[in-house]
Amino acid sequence: MKERLIFALDVDSFEQAQSWVRLLHDEVGMFKVGKQLFTRCGPSVVQMIRDEGGEVFLDLKYHDIPNTVAKASIEAARMGVKMFNVHALGGRTMMKCMVDEVVHASQLEGFDLPIMLGVTILTSSSESDLHEVGILKPVVEMVPLLAALAQKSGLNGVVASAQELALIRAACGNDFVVVTPGVRPATASQDDQQRVMTPVEAIRAGSNYLVVGRPISKAADPAAAAREIVAQMSQGVM
Ligand code: C5P
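Predicted model, so just to flag it, every value in this text is computed and none were measured. (Residues numbered from 1 in each chain as written. Predicted model: local features only at pLDDT ≥ 70, side-chain atom pairs only at ≥ 80, totals over all residues. Heavy atoms only, no water.)

## Some details on the environment of Gln-163
Along the chain, the position of Gln-163 falls in the loop between strand 6 (157–159) and helix 8 (165–172). Residues Gln-163 and Met-197, spaced 34 residues apart in sequence, show a C-alpha to C-alpha distance of 7.7 Å. Here Gln-163 is in contact with Arg-195, Val-196 and Met-197, once residues within four sequence places are set aside. Within the local environment of Gln-163, its side chain forms a polar contact with the backbone oxygen of Val-196, the two atoms lying 3.4 Å apart. (Helix = DSSP H or I, 4+ residues; strand = E, 2+ residues; numbered from the N terminus. Contact = heavy atoms within 4.5 Å. Polar contact = N/O pair within 3.5 Å; in protein donor to acceptor, adjacent residues only side chain to side chain.)

## Description of helix 5 (residues 92–109)
For helix 5, spanning 18 residues, the distance from its first C-alpha to its last is 25 Å, which sits close to the expected 26 Å at 1.5 Å a residue. Listed as buried for helix 5 are Met-94, Met-95, Met-98, Val-99, Val-102, Ala-105 and Ser-106. Down the axis of helix 5, the sector holding all buried residues measures 140°, keeping them to one side. Seen from the buried face of helix 5, the exposed residues on the opposite side, beyond 90 degrees, are Thr-93, Gln-107 and Leu-108. Each element contacted by the buried residues of helix 5 is listed here: strand 3 (56–62), helix 4 (66–78), strand 4 (83–87), strand 5 (115–119) and helix 7 (139–152). Positive phi appears at Gly-110, one or two residues downstream of helix 5, with a value of about 80°. (Expected span 1.5 Å × (residues − 1). Buried < 20%, exposed > 50% of the residue type's maximum accessible area, 1.4 Å probe, protein only. Arc of directions from axis to C-beta.)

## Observations concerning the sheet that holds strand 8 (residues 209–212)
With parallel pairing, the eight strands of this closed barrel are ordered in space as 1-2-3-4-5-6-7-8. Adjacent strand axes in the sheet meet at a mean angle of 25° when their direction is disregarded. By the bridge criterion, three bridges tie strand 6 to strand 7 (residues 177–180) in an arrangement that is parallel. From the neighbouring strand, Val-159 faces strand 7, where its bridge partner is Val-179. Across the face of the sheet, helix 5 comes into contact with strand 3, strand 4 and strand 5 while running at roughly 155° to strand 4. Contacts between helix 11 (residues 222–235) and the sheet are confined to strand 1 (5–8) and strand 8, with strand 1 contributing the most and set at about 145° to the helix. (Pairing = 2+ DSSP bridges. Axes fitted to C-alpha atoms, helices over the stretch in contact; angles between N-to-C directions.)

Shown next, in the form of structure tokens:
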């Protein structure tokens, strides 16, 4: 179960990242490196996590012309990340070109194929934000539409709110990977997350991987908090 817990490494220095990885690499399955840490530290932070025995979810949400996304994704895969993501709003041609080129490069060069994920609609976007950019369908239609498009384009799964799991499972079936942030143990603060689920609920609802940051990083004993989340996740398995 611990392999299914991803710690969000939301810090801004190599040293802080390294101390979190040293503290938590036995307690979680993966470390999520986002735009801030990667822009600050670059590939050396990915290498450090791997050298410490951890796995990496590179959360850079690529969205660009197909060739640019494909080439960036090959570089991500070459670094040995276990997971990375692109915006499904980039469209079928972008996603399909990316998948084809990463698969081709992995066969040619022998690196492991990462789990390739799409991001559907950011949970921070309200329906009025979406209307302003011309997306007129409601979020409850857009999320399964984009998840199904990601699946048809060859992606392995999506990152989505746990609240959207049922819609995505209905559209994409049970073999599609769903990674869910916004998870809070019943006793933890919600922080700025609006719609949260507990670890038990998220696993029961069909989440494959849970992304958790502050409930671990702000705990008095972060390693114990991570172990407790893993224990709660185990209770969600039926
Ligand atoms: O601290 P917390 O558990 O809220 O961190 C969740 C992590 O997941 C953060 O890195 C956040 O940026 C990310 N995330 C999210 N909601 C999304 C997508 C990503 O909270 N819809």
